[in-house]
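Residue-level structure breakdown
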Amino acid sequence: MKIFAFIQIDDGVVNRLSVETLTGAQKLAAATNGSVTAVVFGAVPDDLKTYKVKEILNVQAAELEDYSPLYYIEALSRIISSESPDTVVFGHTYQVRDWVPRLSARLKLPFLVDCIGFKTDDNFTVTRQISQGKINADMAFENPSLISFQSGAFRADEVESGTAEVRAIALDLSAVPGTIRPGEKYQQARGSVDLSHAKVIVSVGRGIGKEENIPLVKELADALSAELGCSRPVVDYGWLPHERQVGSSGQTVSPKLYLALGISGAIQHQVGMKGADTIVAINKDENAPIFEIADIGIVADLFEIVPKLTESIKAKK
Amino acid sequence: MKSCVLIKQVPDGDSPVVIADDQVSLKGEGITWTTNETDGYALEEALLLKEAHGGEVVVCTIGKDSALQVVKDALAKGADRGIFITDPKFDNLDSFGKAAIFAQVLKDENFDLIFSGLQSDNSSNAQTGLILAEFLGTSHATMVIGTEWIDESRIKVNRELEAGWFRWTELDFPASLTIQSGINKPRYASLRGIMLMKKKPIATVTAEDLAMDEIPALSHIKKLYVPRKTKETVFISGSPEEIVTQLTDKLENEIKVL
Ligand SMILES: Cc1cc2nc3c(=O)[nH]c(=O)nc-3n(C[C@H](O)[C@H](O)[C@H](O)COP(=O)(O)OP(=O)(O)OC[C@H]3O[C@@H](n4cnc5c(N)ncnc54)[C@H](O)[C@@H]3O)c2cc1C
Ligand SMILES: Nc1ncnc2c1ncn2[C@@H]1O[C@H](COP(=O)(O)O)[C@@H](O)[C@H]1O
């Protein structure tokens, strides 16, 4: 299979998810006796040249220096039309979410998003999660295809190294309409809470039910001398400030203990906390995806456990 | 300003998720249906913009009979009219097929803004709004977490990026926006809203009304299955007292955080 791997460059650095995806592309090439071509817009970072690929296709145009969706779509659309890959793989980054679906529509190609793996035994299929990670779906489709892989689907440290020649292609993108005009990126002012260095985090999800119940977990956190963390809905509802949100659009944490209370364990939450040494999860649903990554699981109503746990810990001190 | 909001009906988080005998669909029994979470935020944003700058908010769904409810709920919250697209032929569409139908139904409405959720809670394809943007030739932005109206032809949107980064982006109308959760605080329907809803128009569209011979499909589910657990999780069970005793012991002696 002729595989193209799109490599996202963020401020001159290869996006980590793109490296993971390159690992996936190499595995797919090995399984199908195929080849991997890395596709890069703008300058090619040196570290990309150390990975094993057939070649690096360097697409050049002034408009591609900084991300802007319509230029990206037009550029890759032309590359796909002229180079005819069987599949193009991407890391499922926020940026990819912003342009690849539209590229797929332009070329009438299937776009299988947020996949966790592929199979080549029978036909080429990919696996994606549906119903909030509770069900896997093997998806069938016609090639050529566009596929994005979820964070953690493949390992960046398993990428094969080698050397690669760079082939440059210059494109004239001056005809692309300027109806979308991205401004400067900015980072939200850092709050006073730094969860990234916390040793113990007690984290609360939508299972807490209402704002009035937050003190319950705050007391547990205090008893454990822990920081309080949370999932996205808790911030969306205004129950805790954004600086306590753990996940892809919040903080990434790696405590000794992460105690997840009423958190389902969506992938966007997992990417922020799966680096914890020990994960303890309390959830009333035995099928909650959080138990996929928990070291210690408790299937129970958190309201029956948390107050007693707080007392029990206080008694130890 | 004329806005459309795409609203999908999905099973709520507590509904049972059971694979049907055909192994390519989920059982419908025991499901409580609700409005897709981010679509609720999308509707609220459309209503806020209408209240500030005037215009009309139309809500549109593709779904089975039960999905009429999400249209009614949106009308009760303040949307002006609904479009209910329903036909047995429209079950099990992929994003491309759904967007093709939306494009066909909405193309002559000339909306300035089309709102959708950034992804649906059940299928999580996160594509419908963008494919539609391509079909209708609009500008677009995804993961919108803030909007700022500029004038009759432009809007500024704040896009959420990873890890606490953001980016304002200016768009020409017409524009398709996919909305991220937390952008606003969705309202509840008032009693008056529910009364008013009953008089608001809902147009029903079936396959026959659409001049589409075939709904395109680019992918399909080959097999559904429950994921196999890869991690050895130690489960603690028993009465709450027993659980707490065991857990405290582990916190003290194994994880050593006490
Ligand atoms: C682009 C994008 C970015 C995102 N970024 C983030 C992010 O940074 N961080 C993040 O967290 N999410 C993020 N999300 C949202 C994510 O997909 C999930 O929607 C979210 O993590 C769910 O939060 P939750 O687990 O608290 O809620 P739910 O998924 O609703 O889960 C609640 C859980 O509580 C359990 N429960 C309910 N009552 C009880 C009880 N009494 N006792 C015990 N258990 C109970 C339920 O069984 C359920 O498993 C993002 C989504 C997208 C699309
Ligand atoms: N059947 C549908 N009816 C109405 N809106 C939909 C439908 N399917 C998808 N959408 C819209 O598209 C968004 C993304 O859905 P999806 O591409 O399925 O993840 C949803 O949040 C809705 O706003």
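Residues numbered from 1 in each chain as written. Chains lettered and ligands numbered in written order. Predicted model: local features only at pLDDT ≥ 70, side-chain atom pairs only at ≥ 80, totals over all residues. Heavy atoms only, no water.

**Observations concerning the packing of helix H4 (residues 214-223) of chain A against helix H8 (residues 302-316) of chain A**
Two packed helices can be described by the angle between their axes and the distance between those axes. All names here are of chain A. Across the interface, H4 lies against H8 with an axial gap of 9 Å and an inter-helix angle of 30°. Classified by the interaxial angle, the pair formed by H4 and H8 is roughly parallel. Crossing of H4 against H8: the hand is left-handed. Residues Leu216, Glu219, Leu220 and Ala223 of H4 touch H8, and the partners they reach there are Phe303, Val306, Pro307, Leu309, Thr310, Ile313 and Lys314. Residue classes in the contact of H4 with H8 are distributed as 8 nonpolar, 1 polar and 2 charged. (Axes fitted to C-alpha atoms, helices over the stretch in contact; angles between N-to-C directions. Helix = DSSP H or I, 4+ residues; strand = E, 2+ residues; numbered from the N terminus. Parallel < 35°, antiparallel > 145°, perpendicular 65-115°, else oblique. Left-handed = near helix turned anticlockwise from the far one by under 90°. Contact = heavy atoms within 4.5 Å. Nonpolar A, V, L, I, M, F, W, Y, C, P; charged D, E, K, R; others polar.)

**Re the site of ligand 2**
All names here are of chain B. In the vicinity of ligand 2 there are 21 residues, among which Leu6, Asp39, Ile62, Ala126 and Thr128 approach most closely. With respect to ligand 2, the side chain of lysine 98 contributes an N or O atom lying 3.0 Å from a nitrogen atom. Between ligand 2 and alanine 126 there is a distance of 2.7 Å, counted from an oxygen atom to a backbone nitrogen or oxygen. Where the shell around ligand 2 is concerned, the elements lending two or more residues are strand S4 (56-62), helix H3 (95-106) and strand S6 (113-117). Across the shell around ligand 2, the residue classes break down as 6 nonpolar, 12 polar and 3 charged. (Near = heavy atom within 4 Å. Polar contact = N/O pair within 3.5 Å; in protein donor to acceptor, adjacent residues only side chain to side chain.)

**Description of the sheet that holds S6 of chain B**
Taken together, 10 strands build an open sheet; the order of strands is S12(A)-S9(B)-S8(B)-S7(B)-S10(B)-S6(B)-S1(B)-S4(B)-S5(B)-S11(B) and the sheet is mixed. Looking at strand neighbours, the two that pair on one side only are strand S12 (180-187) of chain A together with strand S11 (202-205) of chain B, the edges of this open sheet. Neighbour to neighbour, the strand axes of the sheet diverge by 25° on average, direction disregarded. The pairing of strand S8 (residues 154-160) of chain B with strand S9 (residues 165-172) of chain B spans 7 bridges and is antiparallel. Across the sheet, residue lysine 156 of chain B finds its bridge partner in S9 of chain B, namely glutamate 170 of chain B. (Pairing = 2+ DSSP bridges.)

**So, the pattern of salt bridges**
A complete count under the given rule lists 38 salt bridges over all chains for this structure. Across the pair lysine 27 of chain A and glutamate 158 of chain A runs a salt bridge, and its minimum N-O distance is 3.2 Å. Note that lysine 27 of chain A is positioned in helix H1 (residues 16-32) and glutamate 158 of chain A in the loop between strand S10 (145-149) and strand S11 (165-170), a separation of 131 residues in sequence. With relative accessibility at 38%, the residue lysine 27 of chain A sits in the partly exposed group. A single salt-bridge network, built from bridges that share partners, covers Glu74, Arg78, Arg102 and Arg106 of chain A together with Glu134 of chain B. (Salt bridge = Lys/Arg side-chain N within 4 Å of Asp/Glu carboxyl O. Buried < 20%, exposed > 50% of the residue type's maximum accessible area, 1.4 Å probe, protein only.)

**Quick look at helix H1 (residues 37-53) of chain B**
All names here are of chain B. Given a rise of 1.5 Å per residue, 17 residues ought to cover 24 Å, and the 25 Å separating the end C-alpha atoms of H1 matches this to within 8%. Where H1 is concerned, the buried positions are Thr38, Asp39, Gly40, Tyr41, Ala42, Leu43, Glu44, Glu45, Ala46, Leu47 and Leu49. One or two residues past the end of H1 sits glycine 54, with phi positive at roughly 80°. (Expected span 1.5 Å × (residues − 1).)

**Points about the interface of chain B and chain A**
Facing the 82 residues of chain B at the interface are 82 residues of chain A. Considering only the side of chain B, the residues that lose the most area to chain A are Glu134, Arg167 and Tyr225 of chain B, jointly responsible for 9% of the buried surface there. Applying the counting criterion to the chain B and chain A interface returns 12 salt bridges. In this structure, glutamate 134 of chain B and arginine 102 of chain A form a salt bridge, with 2.8 Å as the shortest nitrogen-oxygen distance. Applying the counting rule to chain B against chain A returns 48 residue pairs in polar contact (both at pLDDT 80 or more). The set of elements that each furnish at least two residues to the side of chain B that touches chain A consists of H1, helix H4 (128-136), strand S7 (139-151), S8, S9, strand S12 (219-225), strand S13 (234-235) and helix H6 (240-253) of chain B. Looking at which element gives the most residues to the side of chain B that touches chain A, the answer is H6 of chain B, with 9 residues. Looking at the side of chain B that touches chain A residue by residue, the classes come out as 37 nonpolar, 23 polar and 22 charged. When S12 of chain A meets S9 of chain B, the two strands line up antiparallel, connected through 6 bridges. Note on S9 of chain B: the bridge partner recorded for proline 182 of chain A is threonine 169 of chain B. (Buried area = accessible area lost by both parts, 1.4 Å probe.)

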